[in-house]
Amino acid sequence: MKNEYTKEYLDMLNKRKFSLCCKRVFDIVISFIILLLLSPFLLLLAIAIKLDSKGPVFYRQVRVGRYNRDFKIFKFRTMVQDADKIGPPLTVGDDPRVTRMGRFIRKLRLDEFSQLLNVLDGSMSLVGPRPEVRKYVEAYTPEYMATLLIRPGITATSSIAFKDEDRLLNAAENPEQVYVEQILPPKMAYNLEYMKNITLLNDIKIMFQTVGAVLK
């Protein structure tokens, strides 16, 4: 974590402590309100997942978060039980591990709502670089490590730009190699640019852009 790039970004963040504090308060308030309003729908979604296939409602995958620390992300389960043991971390195109209900959930990005629990416990933010599994963090350049200075987010400009990432990977002969060499670099460029312009107003803008991208 300690290199010339992370120091540069850390200095930038230290100058925006008030803005980051407002961002955290906003995260907590909005997450609580959304969970409260959508609780009946999320309960029905949980029941549908249980009826559709064997396994738990939530899939708890280990991701890398702030300060390079591991945490478990909450996601509504969209794949068969123990999917991570029978395939790669990436999900591509018509992945046979995805359940019938899972395809519907993924199409509308409904699995992301459960990550509001991560926002409340402090391991994530509403907006920020998407958290990766350790395998891909190990492929980070020294500058990419700067993105681990802030909480990972449920959505980001990089998420919007690569919302059809699974389709791109589906056409690849080696999806993991294509992800690391061709997709990860531009995604990280988006994430680093976000860090240079991190404000509460920008977060709100990205949230509206995310809704527009999903509906589109």
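Everything that follows concerns the structure shown earlier in this document.
Residue indices follow the written sequence of each chain, beginning from 1 at its first position. Only residues with pLDDT of at least 70 are given local features in this predicted model, and only at 80 or more are side-chain atom pairs given and counted; all residues enter the totals for whole chains, interfaces and linings. Only heavy atoms go into the side-chain values, all of them from the structure, while hydrogens and water stay out.

Novice: Honestly, the packing of aromatic side chains in this entry has me stumped. Any pointers?
Specialist: Here the distance between the centres and the angle between the planes together describe a pair of aromatic rings. Pairing of aromatic rings covers Phe, Tyr and Trp, the last through its six-membered ring, and needs centres within 6.5 Å; plane angles under 30 degrees mean stacked, over 60 mean edge-to-face, and all others mean tilted. Throughout the structure, instances matching the rule amount to four aromatic pairs. Between Tyr-136 and Tyr-179 the ring centres are 5.1 Å apart and the planes differ by 55°, which places this aromatic pair in the tilted class. Pair noted here: Tyr-136 is in helix H5 (residues 134-137) and Tyr-179 is in helix H8 (residues 175-196), with a separation of 43 residues, a long-range link. The same class applies to Tyr-136 as to Tyr-179, namely buried. Aromatic pair Tyr-140 and Tyr-144: ring centres 5.9 Å apart, planes at 85°, arrangement edge-to-face. This pair shows no difference in class: Tyr-140 is buried, exactly as Tyr-144 is. Throughout this description, the term charge over a ring refers to an Arg CZ or Lys NZ atom that lies within 6 Å of the ring centre and within 35 degrees of the ring normal. Looking at Arg-60, its charged tip hangs above the ring of Phe-74, at a distance of 3.8 Å from the centre. Starting at the N terminus, helices and strands are each numbered in turn, a helix being any DSSP run of H or I of at least four residues and a strand any DSSP run of E of at least two. The buried label applies to any residue whose accessible area, calculated with a 1.4 Å probe on protein chains only, is under 20% of its type's maximum; exposed applies above 50%, and partly exposed to all values in between.

Novice: Whenever I open this one, the environment of Leu-13 confuses me. Can you help?
Specialist: Position of Leu-13 relative to the elements: it lies in helix H1 (residues 4-14). Distance from Leu-13 to Glu-138, taken between C-alpha atoms, is 24 Å for residues 125 residues apart in sequence.

Novice: What's the story with the state of the cysteines in this structure? I'm lost.
Specialist: In protein structure, a disulfide is the covalent linkage between the sulfur atoms of two cysteines. The disulfide definition used here is simple: a pair of cysteine sulfur atoms within 2.5 Å. Counted by the stated rule, this structure contains zero disulfides. Here Cys-21 is not cross-linked by a disulfide; its sulfur's nearest cysteine counterpart is in Cys-22, at 5.8 Å.

Novice: Got a minute to help me understand the nonpolar core in this structure?
Specialist: As a rule of thumb, soluble globular proteins bury nonpolar side chains together. The definition of a nonpolar core used throughout is a set of buried Ala, Val, Leu, Ile, Met, Phe, Trp, Tyr and Cys residues joined through side-chain atoms within 4.5 Å. Residues Leu-45, Ile-49, Leu-126, Tyr-140, Tyr-179, Tyr-194 and Met-195 are the most contacted members of the largest nonpolar core, which totals 46 residues. Secondary structure elements with two or more residues in this core: H1, helix H2 (17-52), strand S2 (70-76), helix H3 (100-107), helix H4 (116-120), strand S3 (125-127), H5 and H8. Looking at which element gives the most residues to this core, the answer is H8, with eight residues. Every residue pair with non-hydrogen atoms within 4.5 Å of one another is taken to be in contact. Excluding its chain neighbours within four sequence positions, the residues that come into contact with Met-195 are Tyr-9, Leu-13, Arg-16, Ala-146, Thr-147, Leu-149 and Ile-150.

Novice: What should I look at first to understand H8 in this one?
Specialist: Residues three or four positions apart in an α-helix share a direction because the helix packs 3.6 residues into each turn. The span one expects for a helix is its residue count, reduced by one, times 1.5 Å. In this model, H8 (22 residues) spans 30 Å end to end at C-alpha, consistent with the 32 Å of a helix rising 1.5 Å per residue. Bend at a given residue is defined as the angle between two axes, one fitted to the seven residues that end at that position and one fitted to the seven that begin there. In H8, a bend of some 45° at Ile-183 exceeds every other bend along the element, and Pro-185, a proline, comes one to four places later. Residues of H8 that are buried: Val-178, Tyr-179, Ile-183, Leu-184, Lys-187, Met-188, Asn-191, Leu-192, Tyr-194 and Met-195.

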